[in-house]
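Secondary and tertiary structure notes
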Amino acid sequence: MTAQPVDSDLWAGLDATDEPQPTEPVWEEPIPLNGRRELPTFPAQVFPGWLGAFVKAVAEETQTPIDLPGSIALSVLAAAAGGRSVVHVRGSWREPTNLYVVCALPPANRKSAVFALLTDPLYEAEKKLQTTMAPAIVEAAMTARLAKEAADNAAAKAVKADGGKREQLIAEAVGLAQTAESVAVPVEPLLLADDSTSETVTSLIAEQGGRLAVMSAEGGIFDIIAGRYSGAPNMEVFLKGHAGDRLRVNRQTRREYIDHPALTIGLAVQPDVLRDIAKVKGFDGRGLLARFLYSMPRSLVGEREVITDPIPEDIAAVYESNVLALTLWLAEWTDPAVIQFSPEADKALITYQQRVEPQLAARGGALGHIANWAGKLAGAVARMAALLHLAEHLEGGHTKPVAEATMRAAITLGEYFTAHALGVFDVMGAEPTVGRARSVLELLRTQKWSEVSKRDLMVKLSRSEFPTVADLDPALNLLEEHGYIRAQLALRTGGRGRPPSPRYLIHPQLSEPAV
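Residues numbered from 1 in each chain as written. Predicted model: local features only at pLDDT ≥ 70, side-chain atom pairs only at ≥ 80, totals over all residues. Heavy atoms only, no water.

Let us look at the overall build of the protein. Secondary structure summary: the protein contains 17 helices and 13 strands in total. Looking at the 515 residues of the protein, the share that counts as buried comes to 47%. (Helix = DSSP H or I, 4+ residues; strand = E, 2+ residues; numbered from the N terminus. Buried < 20%, exposed > 50% of the residue type's maximum accessible area, 1.4 Å probe, protein only.)

Shown next, in the form of structure tokens:
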């Protein structure tokens, strides 16, 4: 076949711009590295009416951000239900209903006053449980004492006996000793502990049947975990107490196993505490920091009203009555009450999980740099859904499934805590990571690249600041999160050898001339 001549006139009016061009990426304005994120306000509307009304009234009277009473209220629900209820998500997936919550505010924000208003009903419930148990404790203690005395007397007689009576008296003494040993004296009920040592918390959880709440308007518990008194970090009970993993308690006379410990932590601390705990060796690596729900609201100091509306008496009375009712009802449970999801609630949770999962990707995921924390987010949402359900149904909550609306309320809380976790982890990693990110940013501005690989960056950056690629990754994650760069998939071209270096698109703003 003879080739047809090409009509040059056909192409005369065309140039390269007429060919299909790749779509340019759309870039939004990047977030300055030194700028604080705009964090959402605590969504108090997710609470049942009685609880939301009290939280708002406390915020009004104390002139504090609603995030503070809102976060503490959530930990109060967890203290009431933790260790006495679990939520069945699906299949073999169950979550306990205890939580670790910390709210960070600067000094002069009335943290102690708010804490007292929210936690007082828990202390009142503790007193009522102690009063109820007091007669049984006295009776058991007297029975144990008399049984021991009888065993001691029988042993003394056996020692002095001779002949055939000796063996009989020894057998009687042994039987009485076994009886005395079997008499269990109940411990005084305890719901709350303050800044106790790790060893004390472990012993208290064992004594209290696997449940305890550490509630404090200070951050001293972090110093204790870090080893202020022991000289070495001791976080075992705090790791296992959140997840419900089996905990071994070693005592002088015996060992005990707590099958499902449930520890609740509710704290109000200064922001500096969060900066300091990020530096403690092991806190992040072992996952302690990933177990907390963080709130870091904007301080209202300097903007507060002097004359405020007091908390209405009826709202305060309902709050106290309902917290008491929920706590005392669940305190009677030995096997935990099992909370179930409705099919609609489970579907809403599945949709949420499907939305969050891609964000956990180490490359390009919005939550990739806090994946340790965000990986526990679905479980935290399930726990909060169960707590909101129990607050709505103060007795018999286990007989009704969690509604879709309640699950969506818990998801709203999950989104709130996610936004604040991003802000808190910015603060925690500010010193090394932000400094390195600024170095990379300055290099990108200088080079005016449109895209770059990790390998190219490592060639240009100072090895004293970036000894390895692992030191570069957090800075790149932070720059991507702030919208300066975008990770691109590195595709293999086939064959052997080193894989392609990961590449990043660079915000056009960085190649513009300085103004």
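This is not the end of the story, as more comes after the structure.
In total, this model carries 13 salt bridges according to the counting rule given. Across the pair Lys 148 and Asp 152 runs a salt bridge, and its minimum N-O distance is 3.1 Å. Here Lys 148 and its partner Asp 152 are both found in helix H4 (residues 111–160), 4 residues apart, which amounts to about one turn of the helix. In this structure, Arg 503 engages Glu 451 in a salt bridge whose closest nitrogen and oxygen atoms are separated by 2.8 Å. Of the two residues, Arg 503 is situated in strand E13 (residues 503–506) and Glu 451 in strand E11 (residues 451–453); the sequence distance between them amounts to 52 residues. (Salt bridge = Lys/Arg side-chain N within 4 Å of Asp/Glu carboxyl O.)

Of the residues in the protein, 88% have a pLDDT of 70 or more, and the chain-wide mean is 86. Below a pLDDT of 50 lies the segment residues 1–19, which in the model reaches 3 contacts outside its immediate sequence neighbourhood of four places, other chains included. (pLDDT = per-residue confidence, 0-100. Contact = heavy atoms within 4.5 Å.)

Let us look at helix H17 (residues 469–481). Given a rise of 1.5 Å per residue, 13 residues ought to cover 18 Å, and the 18 Å separating the end C-alpha atoms of H17 matches this to within 8%. Listed in full, the buried residues belonging to H17 are Asp 471, Leu 472, Ala 475, Leu 476, Leu 478, Leu 479, Glu 480 and Glu 481. Once H17 finishes, Gly 483 follows within two positions and takes phi at roughly 90°, a positive value. (Expected span 1.5 Å × (residues − 1).)

A few words on the packing of aromatic side chains. Two aromatic rings are characterised by how far apart their centres lie and by the angle between their planes. Enumeration according to the criterion identifies 11 aromatic pairs in this entry. Judged by centre distance (6.4 Å) and plane angle (75°), the rings of Phe 42 and Phe 417 are edge-to-face. Of this pair, Phe 42 sits in the loop between helix H1 (8–12) and helix H2 (49–62) while Phe 417 sits in helix H14 (residues 404–428), and the two are 375 residues apart along the sequence. We note that Phe 42, like Phe 417, is buried. (Phe/Tyr/Trp six-rings, centres within 6.5 Å; stacked < 30°, edge-to-face > 60°.)

For the rest of this paragraph, the subject is the sheet that holds strand E12 (residues 485–488). Spatially, E11-E13-E12 is the arrangement adopted by the 3 strands of the open sheet, whose pairing is antiparallel. Each having just a single partner strand, E11 and E12 make up the two edges of the open sheet. Taken pair by pair, the neighbouring strands of this sheet meet at an average axis angle of 30°, ignoring direction. In this sheet, E13 lies alongside E11 in antiparallel orientation, the contact comprising 3 bridges. Counted as the bridge partner of Ser 453 is Arg 503 from E13. Sitting on the sheet, H17 is in contact with E12 and E13, with an inclination near 115° to E12. (Pairing = 2+ DSSP bridges. Axes fitted to C-alpha atoms, helices over the stretch in contact; angles between N-to-C directions.)

Let's shift gears to the pairing of strand E2 (residues 93–96). Of the pairings in the sheet, the one linking strand E1 (residues 85–90) to E2 comprises 4 bridges and is antiparallel in character. In the sheet register, His 88 faces E2, and the bridge partner there is Arg 94. Counted between consecutive antiparallel strands, the loop separating E1 from E2 contains 2 residues, among which Gly 91 sits at a positive phi close to 60°.

The next thing to look at is the side chain of Thr 202. Structurally, Thr 202 is set in helix H6 (residues 198–207). A relative accessible area of 15% means that Thr 202 is categorised as buried. Those residues within four positions of Thr 202 in sequence are excluded, and the remaining contacts are Val 237, Leu 247, Val 249 and Ile 258.

Turning our attention to the sheet that holds E2. Here we have 3 strands laid out as an open sheet, ordered E2-E1-E10, and mixed in their pairing. Each edge of the open sheet carries a strand with a single partner, namely E2 and strand E10 (337–340). Direction aside, the axes of adjacent strands within the sheet are offset by 30° on average. Docked against the sheet, helix H11 (residues 343–356) engages E1 and E2, running at close to 70° with respect to E1. Contacts from helix H13 (residues 377–392) reach E1, E2 and E10 within the one sheet, and its direction differs from that of E2 by about 65°.

Relative to the elements of secondary structure, Ala 386 occurs in helix H13. Between the C-alpha atom of Ala 386 and that of Ala 81, which follows or precedes it by 305 residues, the distance is 9.4 Å. Contact partners of Ala 386, with chain neighbours within four places excluded, come to Val 87, Thr 97 and Ile 339.

The next thing to look at is the environment of Gly 483. By the element assignment, Gly 483 lies in the loop between H17 and E12. On a C-alpha basis, the gap between Gly 483 and Ile 31 in space is 6.5 Å, while along the polypeptide they are 452 residues apart.

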